[in-house]
Amino acid sequence: MLTQEQLAGRSGMHRTYVSDIERGARNLSLDSIYSIGKGVSTPLSVLFAEAEQHENTGSGGDREFKQ
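First things first, this report covers the structure right here in the doc. (Residues numbered from 1 in each chain as written. Predicted model: local features only at pLDDT ≥ 70, side-chain atom pairs only at ≥ 80, totals over all residues. Heavy atoms only, no water.)

Some details on the overall build of the protein chain
Here is step 1 of the chain: Scanning the protein chain from terminus to terminus reveals five helices and zero strands.
Here is step 2 of the chain: Order of helices (α) and strands (β) in the protein chain, N terminus to C terminus: α-α-α-α-α.
Here is step 3 of the chain: For the protein chain, the proportion of its 67 residues judged to be buried stands at 22%. (Helix = DSSP H or I, 4+ residues; strand = E, 2+ residues; numbered from the N terminus. Buried < 20%, exposed > 50% of the residue type's maximum accessible area, 1.4 Å probe, protein only.)

Spelled out as structure tokens, the structure:
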């Protein structure tokens, strides 16, 4: 598990921006999603496939990807 600071560093973002995303104070752009994916070495296609799977199964997708 990564801390917000570690994720921010790996993603090239500021820690407070990552914190704002996590608490729902900011909406993600595709560029931000791409940067986070790079930070955790996960392609966008995998991130979106997992988000779609959560949405279709009702297993917390609303909580994790809420805008």
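This is not the end of the story, as more comes after the structure.
A look at the nonpolar core
Here is step 1 of the chain: One finds Leu7, Ala8, Met13, Val18, Ile21 and Ile36 forming the largest nonpolar core, which totals six residues.
Here is step 2 of the chain: Listing elements by their share of this core, those giving two or more residues are helix 1 (4–11) and helix 2 (15–22).
Here is step 3 of the chain: With near-sequence residues (within four places) excluded, Ile36 lies in contact with Leu7, Ser11, Met13, Ile21 and Leu28. (Core = buried A, V, L, I, M, F, W, Y, C linked by side-chain atoms within 4.5 Å. Contact = heavy atoms within 4.5 Å.)

Structural notes on the pattern of salt bridges
Here is step 1 of the chain: Taken as a whole, this structure holds two salt bridges when the rule is applied.
Here is step 2 of the chain: Across the salt bridge formed by Arg23 and Asp20, the nearest N and O atoms sit 2.9 Å from each other.
Here is step 3 of the chain: For Arg23, a relative accessible area of 61% corresponds to the exposed category.
Here is step 4 of the chain: Two residues, Arg26 and Asp20, come together in a salt bridge whose shortest N-O distance is 3.1 Å.
Here is step 5 of the chain: Note on Asp20: relative accessible area 16%, which makes it buried.
Here is step 6 of the chain: Among the ionic contacts, a cluster of salt bridges with common partners joins Asp20, Arg23 and Arg26. (Salt bridge = Lys/Arg side-chain N within 4 Å of Asp/Glu carboxyl O.)

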